[in-house]
Amino acid sequence: MEREKLLCLDEAAAKIRLLSLEAVFNAESGHPGGSLSIAEIIAYLYFEKMNVDPKNPQKSDRDRLVLSKGHTCPALYSALAIKGFFPEEEIKTFRQLGSRLQGHPDMNKLPGVDMTTGSLGQGISAACGMALKALKSGYNYKVFAIIGDGESQEGQVWEAAMFAAHYKLKNLIAFLDFNHLQIDGDVRDVMNPTPLDEKFAAFGWFVQVIDGHNLEEIDKAVNAAYSSEKPSIIICNTVKGKGVSFMENKADWHGKAPKKDENEIAVAELEAAYKRAMEVRKNG
Amino acid sequence: MGNIINTDMNLKRVATRVAYGNALADFGEKYNFFVLDADLSGSTQTAIFGKKYPDRFINCGIAEGNMISVAAGIAASGVTAFASSFAMFACGRAFEQIRNSVAYPRLNVKICASHAGVTVGEDGATHQFCEDIALMRSVPNMVVVNPADATEAYFAIEAILNYDGPVYMRLGRFAVPVMFDKSNYTFELGKGVVLADGNDVAIFASGIMNSPALEAREILAAEGIDAAVINIHTLKPIDKEIIIKYAEKTKRIVTAEEHSVIGGLGSAVAEITSEFCPTKMARVGIEDTFGTSGKAEHLLDYFNLNAAGIVKKVKSIL
């Protein structure tokens, strides 16, 4: 990837983190940890790869993203706002009565949301349905999905894994946000889903393992997935709470909002990172 | 209204699932839709469609939760998807997928579940799902249809194809009398149908209990009791007007369904009458118990899901 593009995506990821935190802080609830860990994946998809149009959110040949780990929608909403699907100020309404930004994504309320999700395990199956429909109807669009490592404890993920391989859904590209933490602790202590790479390979998927915060690795992996004849899973090693020092690698920050003093520290850190990214981009 | 009821019901018996299979195959040309099944396509009869339109038939294997969410994904891409299995699994096992992947986003998924009720027969309690209508009725956005016979099932399929939104349709394994003549039948979603008028009691029947309800009417008539029989093929949205009208007219109501007395037709009717026109009523259905193995016809008698059972309940409130 060109350096200029890379720096733009870095900046977008930093802004996604900042807006995600703002959303959760304002809502006094939500899921910051997993939103922060997928910022680069979301930035890459919406600002580099996906063919979507904020002026025509329903266009039939668009690429789709199913955020199967729907609770991390602050990251998705932030990207959609930056992209222009709705005004950025609306981020402040997240989880409030009357808001289009529901606690979990609602495809009928918010433009740009391709599938209603929130109940773990179901999004990846819906993504399979979209991918199969595209193949059978002669569409060339891609269907992306983001699933969690904790989510992989759901049996339905493996039903979908079987389905995708059986129907050779080469247009399905899933990211697995391997941040190692779920609500009750380390995924390997709660209910060990590993080895995830070997499991998906055994199910017949094209498996790649990357650093999920490295945009060049994401780019390389997605491009490799484009030429695969199998469904793709990109297992992204990530840091839960990435970018906020006191949230990083803490299961406790899976699903709670920072208090005012905590938020000030978090905003300061994320703002500094955002400004840094902006300056680096401007200076080339 | 105006549908002709076959007088000799012993002439022909067809299961509603057979009508479903034929309807899918027949409507496959006029309408664009996908059909999904979970390894029961021979039983649910979706295999007929699968043979005719293999490109639009998707066997999902024994994974009903995934099947329902895949159907949702197809519908979210703009094409209607039918999803079939036994009611126990399509609706029972995959309840949460139906609620969250289908009903909440209001997607065009038609869950057509066969082998509902006790008439699955020999398979026994694990497969005899008598709680499906209770579950499906409670979910917002869901339309619930329970056809009386093969003719009604066939026409109901075209009606739900033309309806924009999620639908649950209950189908049976057991061959039941073909009550309606295909040549002049019309189906209107959400409308109760008066099969026979009467003044002393109104029997609201759903699904395969319509034909025993008509038999019960004959028995009652011989004893001087004038019963109306109303077919409630759409449990949701239910025809409130016709229920209130007949509650006020006859002052006595009996409901008849091959479903638990909790949450099905009996409950739906009582919800309306208790609020708008409190009416003396009795319910024929599965009395909060599990099924058991046996031949379908024996089970209907065993659970009093027959004309005699309806007559008994009518007399209990006269």
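### Comments concerning the overall build of chain B
For chain B, the count of helices and strands is 13 helices and 14 strands. Relative to the compact-globule value of 20 Å for 318 residues, chain B shows a C-alpha radius of gyration of 18 Å, a close match. Classification of the 318 residues of chain B by burial places 60% in the buried group. Put simply, of all contacts in chain B between residues at least 6 apart along the chain, 80% involve residues at least 24 apart.

### A few points about the domain arrangement of chain B
Residue and element names in this part refer to chain B. Its domain assignment divides chain B into domain 1 (13–177) and domain 2 (193–316). Averaged C-alpha coordinates put domain 1 and domain 2 at centres separated by 25 Å. Listed per partner, the contact involves 27 residues of domain 1 and 28 residues of domain 2. Contributing elements (two or more residues each) for the side of domain 1 that touches domain 2: helix 7 (132–137), strand 6 (143–145), helix 8 (150–161) and strand 8 (176–177). Of the residues belonging to the side of domain 1 that touches domain 2, the class tally is 15 nonpolar, seven polar and five charged.

### As for helix 1 (residues 3–27) of chain A
With 25 residues, helix 1 of chain A should cover 36 Å at 1.5 Å per step; its first-to-last C-alpha distance of 36 Å lies within 8% of that length. Phi turns positive one or two residues past the end of helix 1 of chain A, at Glu 28 of chain A, with a value near 60 degrees.

### Re the nonpolar core
Core analysis: the largest hydrophobic core is formed by 198 residues, its most contacted members being Ile 42 and Cys 128 of chain A together with Leu 36, Ala 71 and Ile 203 of chain B. Looking at this core, the element that brings in the most residues is helix 1 of chain A, giving eleven residues. When residues of this core are assigned to domains, at least three map to each of domain 1 (13–177) and domain 2 (193–316) of chain B. Those residues in contact with Cys 128 of chain A that sit more than four places away from it in its chain are Ala 160, Phe 163, Ala 164, Leu 169 and Leu 172 of chain A together with Val 70 and Gly 73 of chain B.

### Describing unusual backbone geometry
Here Thr 194 of chain A and Pro 195 of chain A are connected by a cis peptide whose omega angle stands at 0 degrees. Along the chain, Pro 195 of chain A falls in the loop between helix 7 (187–191) and helix 8 (196–202). With an omega dihedral of -5 degrees, the bond running from Lys 236 of chain B to Pro 237 of chain B counts as a cis peptide bond. With respect to the helices and strands, the residue Pro 237 of chain B is situated in the loop between strand 12 (234–236) and helix 10 (240–250). Backbone geometry places Asn 249 of chain A, a non-glycine residue, at a positive phi of 60 degrees. Looking at the element boundaries, Asn 249 of chain A is found in the loop between strand 7 (232–237) and helix 10 (260–283). Even without glycine at this site, His 115 of chain B takes up a positive phi of about 55 degrees. When you line up the elements, His 115 of chain B lands in the loop between strand 5 (109–113) and helix 7. His 115 of chain B sits in the buried class, given 27 other C-beta atoms within 10 Å.

### Comments concerning the interface of chain A and chain B
At the interface, 23 residues of chain A touch 24 residues of chain B. The biggest single contributor to the side of chain A that touches chain B is helix 5 (residues 122–137) of chain A, with eleven residues. Considering only residue class, the side of chain A that touches chain B consists of eleven nonpolar, nine polar and three charged.

### Describing the sheet that holds strand 6 of chain B
Residue and element names in this part refer to chain B. In space, the seven strands of this open sheet follow the order 3-2-4-5-7-6-12, with mixed pairing throughout. Whereas interior strands pair on both sides, the edge strands pair on one side only; in this sheet they are strand 3 (57–59) and strand 12. The mean inter-strand angle of the sheet, taken between neighbouring strand axes irrespective of direction, is 20 degrees. Sitting on the sheet, helix 8 touches strand 2 (33–37), strand 4 (80–84), strand 5, strand 6 and strand 7 (167–170), and the angle it makes with strand 7 is about 175 degrees.

### Overview of the environment of Arg 64 of chain A
Residue and element names in this part refer to chain A. One can find Arg 64 in strand 1 (residues 64–67). In this structure, the C-alpha to C-alpha distance between Arg 64 and Val 143, residues 79 residues apart in sequence, is 4.8 Å. In contact with Arg 64, other than residues within four places in its own chain, are Asp 114, Met 130, Tyr 141, Val 143 and Phe 144.

### Section: the sheet that holds strand 1 of chain A
Residue and element names in this part refer to chain A. Pairing is parallel across the open sheet formed by five strands, whose spatial order is 1-2-3-7-6. The sheet is open, and its two borders are formed by strand 1 and strand 6 (206–211), each paired with just one other strand. Across this sheet, the average inter-strand angle for adjacent strands is 20 degrees, counted without regard to direction. As paired strands, strand 6 and strand 7 are joined by six bridges and run parallel to one another.

### Some thoughts on the packing of helix 6 (residues 155–166) of chain A against helix 4 (residues 64–76) of chain B
Packing of helix 6 of chain A against helix 4 of chain B leaves a shortest axis separation of 9 Å and a crossing angle of 70 degrees. Here helix 4 of chain B runs roughly perpendicular to helix 6 of chain A, going by the angle between their axes. The element helix 6 of chain A and its partner helix 4 of chain B pack so that their crossing is right-handed. Contact residues: Gln 156, Glu 159, Ala 160 and Phe 163 of chain A in helix 6 of chain A; Gly 65, Asn 66 and Val 70 of chain B in helix 4 of chain B. Each residue belonging to the contact of helix 6 of chain A with helix 4 of chain B can be placed in one class, and the counts come to three nonpolar, three polar and one charged.

### Topic: the confidence of the model for chain B
Of the residues in chain B, 98% have a pLDDT of 70 or more, and the chain-wide mean is 96. Interface scoring of the predicted complex returns ipTM 0.96; its pTM is 0.96.

### Focus: the environment of Lys 109 of chain A
Residue and element names in this part refer to chain A. With respect to the helices and strands, the residue Lys 109 is situated in the loop between helix 4 (73–83) and helix 5. The partly exposed category is assigned to Lys 109, around which 13 C-beta atoms lie within 10 Å. Along the chain, Lys 109 and Ser 99 lie ten residues apart, while their C-alpha atoms are 8.6 Å from each other. Leaving out residues up to four positions away in the same chain, Lys 109 has contacts with Arg 100 and Gln 102.

### Quick word on the packing of helix 4 of chain B against helix 6 (residues 95–103) of chain B
Residues and elements named next belong to chain B. Where helix 4 meets helix 6, the closest approach of the two axes is 9 Å, and the angle between their N-to-C directions is 10 degrees. The angle between helix 4 and helix 6 falls in the class roughly parallel. Packed against helix 4, whose contacting residues are Gly 65, Ile 68, Ser 69 and Ala 72, the element helix 6 presents Gln 97, Ile 98, Ser 101 and Val 102 at the interface. Looking at the contact of helix 4 with helix 6 residue by residue, the classes come out as four nonpolar, four polar and no charged.

### Notes on the environment of Pro 147 of chain B
Residue and element names in this part refer to chain B. Inspection of the secondary structure assignment puts Pro 147 in the loop between strand 6 and helix 8. Of the residues examined, Pro 147 has 29 C-beta atoms within 10 Å and is grouped as buried. Sequence separation of Pro 147 and Met 169 is 22 residues, and the distance between their C-alpha atoms is 7.9 Å. Here Pro 147 is in contact with Thr 16, Glu 152, Ala 153, Ala 156, Gly 207 and His 233, once residues within four sequence places are set aside.

Thresholds applied
- Residues numbered from 1 in each chain as written.
- Chains lettered and ligands numbered in written order.
- Predicted model: local features only at pLDDT ≥ 70, side-chain atom pairs only at ≥ 80, totals over all residues.
- Helix = DSSP H or I, 4+ residues; strand = E, 2+ residues; numbered from the N terminus.
- Rg over C-alpha atoms; globule rule 2.2 N^0.38 Å.
- Buried ≥ 20, exposed ≤ 12 C-beta atoms within 10 Å, placed from the backbone.
- Contact = placed C-beta atoms within 7 Å.
- Domains from an automatic or database assignment.
- Nonpolar A, V, L, I, M, F, W, Y, C, P; charged D, E, K, R; others polar.
- Expected span 1.5 Å × (residues − 1).
- Core = buried A, V, L, I, M, F, W, Y, C linked by C-beta atoms within 7 Å.
- Pairing = 2+ DSSP bridges.
- Axes fitted to C-alpha atoms, helices over the stretch in contact; angles between N-to-C directions.
- Parallel < 35°, antiparallel > 145°, perpendicular 65-115°, else oblique.
- Left-handed = near helix turned anticlockwise from the far one by under 90°.
- pLDDT = per-residue confidence, 0-100.

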